[in-house]
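Chain by chain, the residues:
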Amino acid sequence: MRPFKPLELPIEDHIRPLEFYNELISANTNVGKFQVMLKKSKINEDFLITPLSLQEALQSTKIEGTQVTFDEVLEFDIDKKEKNDDAQEVLNYYEALQYGKQALSRLPISTRMFKELHQILLSGGVRGESRAPGEYRSIQNFIGPEGCTIKTATFVPPEPQAVNFCMSNLEKYINEPKDDLHPLVRIAIIHAQFETIHPFLDGNGRIGRILIPLYLYDVELIDSPNLFISETLEKDKHKYYRLLNGTRKEEGWNEWIKFFLESVNKQALKNINIVDEIDNLYEKDLEKTMSLINSTNVVDLIKSMFQRPIFDVKTISSIAGIPDTTCRRYLSILEEERIIYSDNKMRNRKYYYYNLLDLLR
């Protein structure tokens, strides 16, 4: 197979909006409803987005074959004494997403940002750390089943000499689009084009998925990088890859965009339900806790548990702004009433807020 030569963006001539009109209306409507739900939530939006961001990080790395659970990631984040490369990959993804949000205040979505995100993604001794972190590839790569060769590959991305030109064209489309397409349609095109260029030796799928919420935040369709669709894509992983590959033929773009919009809509609907369920849980457990502990600190404690549903005393007291000794006493009451549970260790005890974990897993 020869290296692929992508179409230059924009590709408006290949797009037929009527083929995905209904999917676009539904996705846009429910993304808007999700933003309203977040604003109206009784919990601080930043607190609420933290576990959703970690879940996104988990699902996006899961697409790439990592084997780690949500609980294991949160446990590892508390105590990193035992090496866990899969959990570290998830946390790297989360850190890259947070960094991207901050970087948007001073940088456009650009080669510089992509390289900085990639550097974070492959840091900390994870797989791929030796594969040129933070640099576009200078050798040919290829995509296919494990053990395949370039001759048996499913797809051969553009030759390395073409990467800078292709990425420059993508950057220009991101920041100065010349078509009239909706941002949700544009990000479907941008994500597919990034994956086709495959500018890095490793981590392309994850950087391409981080790009989705960052772009939608940058164009102000969402209020923060809070729309994550990796969970839906992971469930339909083989369809995702197949339709992505279909964009490398001109007739495949509309089918891909339709699938992407359906994925956005599914995830937005699920997130609307999750936020509603989380709000109900917050009200119920806050009311119960306030009947047990007569202190204004209770509100901060409960909200902190929604940010970190697996925690130790040091973590939760820092987030809530409550002294360790007071926090330990409060947690003992909550455990006695079975609002939270602990592993009962004498040292480095971890607490589990299972009511919330059950909603997030």
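As the structure is a prediction and not an experimental result, all values here were calculated from the model.

In this numbering, the UniProt entry assigns the feature "domain: Fido" (unreviewed entry) to residues 109–262. Helix makes up 54% of residues 109–262 and strand makes up 0%, while its end C-alpha atoms are separated by 25 Å.

Further remarks concern the environment of L261. Mapped onto the elements, L261 comes out in helix α11 (residues 253–292). Sequence spacing of L261 and Y99 is 162 residues, and the spatial spacing of their C-alpha atoms is 26 Å. What L261 contacts, discounting residues up to four positions off in sequence, is F20, E23, L24, A27, L184 and V185.

Here the focus is the nonpolar core. Ranked by size, the top nonpolar core spans 110 residues in total, and within it F114, I189, W256 and L331 carry the most contacts. Sort the elements by how many residues they give to this core and α11 lands first, with 15 residues. Two domains each donate at least three residues to this core, and these are domain 1 (18–273) and domain 2 (293–360). F114 has contacts with I109, Y136, M167, I174, F194, F200, I207 and L211, leaving out every residue within four places of it along the chain.

Now for the UniProt feature "binding site: ATP" (unreviewed entry) in the protein. Following the UniProt record, one finds the feature "binding site: ATP" (unreviewed entry) at E64, H198, D202, G203, N204, G205, R206, I207, G208, R209, Y240 and Y241. Of the annotated set, the members that line the largest pocket are E64, H198, D202, G203, N204, G205, R206, R209, Y240 and Y241. Within the element layout of this structure, E64 appears in the loop between α2 (45–63) and α3 (70–78). Tracing the sequence through the fold places I207 in helix α8 (residues 204–218). Judged by its relative accessible area of 1%, I207 falls in the buried class. Not counting residues within four places of it along the chain, the set of residues in contact with I207 comprises F114, L117, H118, L121, F194 and F200.

Together, L18, Y21 and I25 make up a nonpolar patch on the protein surface, roughly 360 Å² of accessible area in all. Within the fold, L18 resides in the segment before α1 (21–40).

With that settled, the discussion passes to helix α4 (residues 85–103). The first and last C-alpha atoms of α4 sit 26 Å apart over 19 residues, in line with the 27 Å expected at 1.5 Å per residue. The N-terminus of α4 is capped by N84, whose side-chain oxygen sits 3.2 Å from the backbone nitrogen of D86.

Helix-helix packing is described using two parameters, namely the angle between the two axes and the distance between the axes. In the contact formed by α2 and α4, the axes pass within 8 Å of each other and the chain directions differ by 125 degrees. Overall, the two elements α2 and α4 adopt an arrangement that is oblique. For α2 against α4, the interelement crossing comes out right-handed. Counted together, D46, T50, S53, L54, E56, A57, L58, S60 and T61 of α2 and E89, V90, L91, Y93, Y94, L97, Q98 and K101 of α4 form the full contact between these two elements.

On to the sheet that holds strand β3 (residues 351–352), then. Across the sheet, which stays open at both edges, the three strands sit in the order β1-β3-β2 with antiparallel pairing between neighbours. Strands at the two margins of the open sheet, each flanked by one partner only, are β1 (310–311) and β2 (341–342). Pairing of β2 with β3 involves two bridges; the strand directions are antiparallel. If you follow Y341 over to β3, its bridge partner there is Y352.

Let us look at the packing of aromatic side chains. Under the defined criterion, the tally for this structure stands at twelve aromatic pairs. Seen in terms of ring centroids, W256 and F260 are 5.7 Å apart; in terms of plane orientation they differ by 50 degrees. Their pairing is tilted. One end of the pair, W256, and the other, F260, are both in helix α11, four residues apart, so they sit about a helical turn from each other. No difference in accessibility class separates W256 from F260, as the two residues are buried. Judged by centre distance (5.7 Å) and plane angle (75 degrees), the rings of Y282 and F306 are edge-to-face. You can see Y282 sitting in helix α11 and its partner F306 sitting in helix α12 (residues 297–307), a full 24 residues away along the chain. F306 shares its class with Y282; the two are buried.

We now examine the domain arrangement of the protein. On domain assignment, one finds that the protein holds domain 1 (18–273) and domain 2 (293–360). Inter-centroid distance (C-alpha atoms) of domain 1 to domain 2 is 32 Å. Counting residues at the interface gives 16 residues for domain 1, matched by 16 residues for domain 2. Each partner contributes to the roughly 1,500 Å² buried at the junction of domain 1 and domain 2, and carbon and sulfur atoms together form 64% of this total. At the surface where domain 1 touches domain 2, the tally comes to one salt bridge. Residue R308 is joined to D77 by a salt bridge in which the shortest nitrogen-to-oxygen separation is 3.3 Å. In this structure, the connection of domain 1 to domain 2 is made through four residue pairs in polar contact (both at pLDDT 80 or more). At the level of elements, α2 and α3 are the ones that each hand at least two residues to the side of domain 1 that touches domain 2.

What counts and what doesn't
- Residues numbered from 1 in each chain as written.
- Predicted model: local features only at pLDDT ≥ 70, side-chain atom pairs only at ≥ 80, totals over all residues.
- Heavy atoms only, no water.
- UniProt positions renumbered as here; feature names shortened; annotations may be inferred.
- Helix = DSSP H or I, 4+ residues; strand = E, 2+ residues; numbered from the N terminus.
- Contact = heavy atoms within 4.5 Å.
- Core = buried A, V, L, I, M, F, W, Y, C linked by side-chain atoms within 4.5 Å.
- Buried < 20%, exposed > 50% of the residue type's maximum accessible area, 1.4 Å probe, protein only.
- Domains from an automatic or database assignment.
- 1 Å grid on protein atoms, 1.4 Å probe; cavity = no way out; pocket = protein on both sides within 12 Å on 5 of 7 lines; lining within 4 Å.
- Patch = residues over 30% accessible without salt bridge, like charges linked within 9 Å, V, L, I, M, F, W, Y side chains within 5 Å.
- Areas by Shrake-Rupley, 256 points an atom, 1.4 Å probe, with all protein chains shown as cover.
- Salt bridge = Lys/Arg side-chain N within 4 Å of Asp/Glu carboxyl O.
- Expected span 1.5 Å × (residues − 1).
- Polar contact = N/O pair within 3.5 Å; in protein donor to acceptor, adjacent residues only side chain to side chain.
- Axes fitted to C-alpha atoms, helices over the stretch in contact; angles between N-to-C directions.
- Parallel < 35°, antiparallel > 145°, perpendicular 65-115°, else oblique.
- Left-handed = near helix turned anticlockwise from the far one by under 90°.
- Pairing = 2+ DSSP bridges.
- Phe/Tyr/Trp six-rings, centres within 6.5 Å; stacked < 30°, edge-to-face > 60°.
- Buried area = accessible area lost by both parts, 1.4 Å probe.

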